[in-house]
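Chain by chain, the residues:
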Amino acid sequence: MTAGVDLGQPQAQAIRSDEDVVRVRQLVRTVSVAVKLSLVDQTKIVTAASELARNTLVYGGGGTVEVATVDNGRRRGVRIVFDDSGPGIADLDLALTDGYTTGGGLGLGLSGARRLVDEFDIQTAPGEGTRITVTKWSR
Ligand SMILES: Nc1ncnc2c1ncn2[C@@H]1O[C@H](COP(=O)(O)OP(=O)(O)OP(=O)(O)O)[C@@H](O)[C@H]1O
Ligand SMILES: [Mg+2]
């Protein structure tokens, strides 16, 4: 499914279904292998991406993801941007607290994802959707 992916170009994809979440996992795995992340780091970024893609679907009402390779001159990495036009997050500190959920989940997706990546950024406001950018670097 990810065969023939051009890693020189950012890969954009819609997140509208469970199948799309699976595709995000596969794409992130492929790009992580290409930039030579360790097996452990591959699993960390795939797990983080899976949680964030699921949140985009469930809370954001669907959205988009863009997966790109990055290079800072010393290391390569994978950068992933999740974007939705959903309700946004009113209290970000609360949303990032382990165990906080408004959807009957475990409340560990967002906080867990943050711990699994090297860089984590959220742009969100009530009524303005949510954009989350994560990066994992090779080491
Ligand atoms: N894209 C989003 N748009 C709006 N609200 C969000 C978004 N992502 C997360 N949230 C809010 O943050 C809360 C915490 O998210 P988190 O992923 O940690 O937990 P969860 O999805 O409820 O449960 P889990 O991921 O453990 O199954 C969510 O319950 C929801 O209220
Ligand atoms: Mg979640």
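Residues numbered from 1 in each chain as written. Chains lettered and ligands numbered in written order. Predicted model: local features only at pLDDT ≥ 70, side-chain atom pairs only at ≥ 80, totals over all residues. Heavy atoms only, no water.

## Structural notes on the site of ligand 1
Near ligand 1 you find 18 residues, and of these Asn55, Tyr59, Thr101, Thr102 and Leu108 are the closest. Here an oxygen atom of ligand 1 sits 3.4 Å away from a polar atom, N or O, in the side chain of glutamate 51. A distance of 2.8 Å separates an oxygen atom of ligand 1 from a polar atom in the backbone of leucine 108. Relative to its free-state accessible area of 600 Å², ligand 1 is covered by the protein chains to the extent of 88%. The set of elements that each furnish at least two residues to the shell around ligand 1 consists of helix 2 (39-58) and helix 4 (109-116). (Near = heavy atom within 4 Å. Polar contact = N/O pair within 3.5 Å; in protein donor to acceptor, adjacent residues only side chain to side chain. Areas by Shrake-Rupley, 256 points an atom, 1.4 Å probe, with all protein chains shown as cover. Helix = DSSP H or I, 4+ residues; strand = E, 2+ residues; numbered from the N terminus.)

## Regarding the nonpolar core
Generally speaking, nonpolar side chains in soluble globular proteins are found buried as a group. Ile15, Val24, Val28, Ile45, Val67, Ile80 and Phe82 are the most contacted members of the largest nonpolar core, which totals 28 residues. Broken down by secondary-structure element, the contributors of at least two residues to this core are helix 1 (18-34), helix 2, strand 2 (63-71), strand 3 (76-84), helix 4 and strand 5 (130-137). The contact partners of phenylalanine 82, leaving out residues within four places of it in the chain, are Ile15, Val24, Ala49, Leu52, Ala53, Thr56, Thr64, Val65, Thr130, Arg131 and Ile132. (Core = buried A, V, L, I, M, F, W, Y, C linked by side-chain atoms within 4.5 Å. Buried < 20%, exposed > 50% of the residue type's maximum accessible area, 1.4 Å probe, protein only. Contact = heavy atoms within 4.5 Å.)

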